[in-house]
Amino acid sequence: MATRRYWLMKSEPYKYSFAQLVKDGQTRWDGVRNYEARNNLREMKIGDLALFYHSNDGKSVAGVARIKREAYPDPSAPDEDWSAVDVEPVAPLKVQVSLDTIRDDPAFAEIALLKRSRLSVVPVSKEHFDRILKLGKTKIA
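Residues numbered from 1 in each chain as written. Predicted model: local features only at pLDDT ≥ 70, side-chain atom pairs only at ≥ 80, totals over all residues. Heavy atoms only, no water.

Focus: the pattern of salt bridges
Stated formally: By salt bridge we mean one thing: a side-chain nitrogen of Lys or Arg within 4 Å of a carboxyl oxygen of Asp or Glu. Each helix is a run of DSSP H or I of at least 4 residues and each strand a run of E of at least 2, with the numbering of both proceeding from the N terminus. Type-normalised accessible area, obtained with a 1.4 Å probe on protein chains alone, sets the label of each residue: buried when under 20%, exposed when over 50%, and partly exposed for intermediate values.
In this structure the tally under the stated criterion is twelve salt bridges. Here arginine 28 makes a salt bridge to aspartate 30, at a shortest N to O gap of 2.9 Å. The shortest N-O distance in the salt bridge between arginine 116 and glutamate 36 comes to 2.2 Å. With arginine 116 in the loop between helix 4 (112-115) and strand 6 (121-124) and glutamate 36 in helix 2 (residues 35-43), the pair connects residues that are 80 residues apart, well separated along the chain. Residue classification places arginine 116 among the partly exposed positions, given a relative accessible area of 39%. By relative accessible area, which is 35% here, glutamate 36 ends up partly exposed. Connected through salt bridges with shared partners, the residues Arg38, Arg42 and Asp81 form a single ionic network.

Encoded structure:
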């Protein structure tokens, strides 16, 4: 089996929040219109974990999602070369981890959330993923 990878996926909570993902049980992650972010979607494998980040309003990691279906053609972009994946909720963070907390922690100096801040889908190291869970007082199986 391939090694699990870790990601951070951004959504504006007024468009689609982590609470809505929990309510829905799963969703299609579509609408990505940046080539680097699209390529990141295409790298995702079933079982990979993603930090669900509320962008613009909230600016914090709200929960953890799991990739349920690998990349397929984005139905919201017929006749174009974009991709979507399906995700399902794993757990909300007990304490959301704010962008300010991440920015102020030297352990996150190289996290893609800060280095590639315009991208909606970025890879995250296992160390950064685990540290965010710790700061969020959350354990997952």
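What to know about the environment of valine 85
Inclusion rule: Here a residue-residue contact requires only that any non-hydrogen atoms of the pair lie within 4.5 Å.
Structurally, the position occupied by valine 85 is in strand 5 (residues 83-98). Using a relative accessible area of 0% as the deciding quantity, one classes valine 85 as buried. For valine 85 and tyrosine 72, which are 13 residues apart along the polypeptide, the C-alpha to C-alpha distance reads 6.5 Å. The residues contacting valine 85, other than those within four sequence positions of it, are Met9, Thr27, Arg28, Trp29, Leu41, Met44, Arg69, Glu70, Ala71 and Tyr72.

Quick look at the pairing of strand 1 (residues 6-11)
For clarity, the cut-off: When DSSP finds two or more bridges between two strands, those strands count as paired.
Across the six residues that make up strand 1, a large majority, six, are buried. With six bridges connecting them, strand 1 and strand 3 (residues 49-54) associate as parallel partners. Each residue of the ladder has a partner; that of lysine 10, found in strand 3, is tyrosine 53.

Some words on unusual backbone geometry
Non-glycine residue aspartate 79 carries a positive phi angle of around 65°. Assignment of secondary structure puts aspartate 79 in the loop between strand 4 (60-73) and strand 5. The exposure class of aspartate 79 is exposed, given its relative accessible area of 84%. The phi angle at lysine 137 is positive, at roughly 55°, despite the residue not being glycine. Along the chain, lysine 137 turns up in the segment after helix 5 (126-135). Here lysine 137 falls in the exposed class, since its relative accessible area comes to 57%.

Everything listed here is a matter of coordinates, which is why it stays silent on function.
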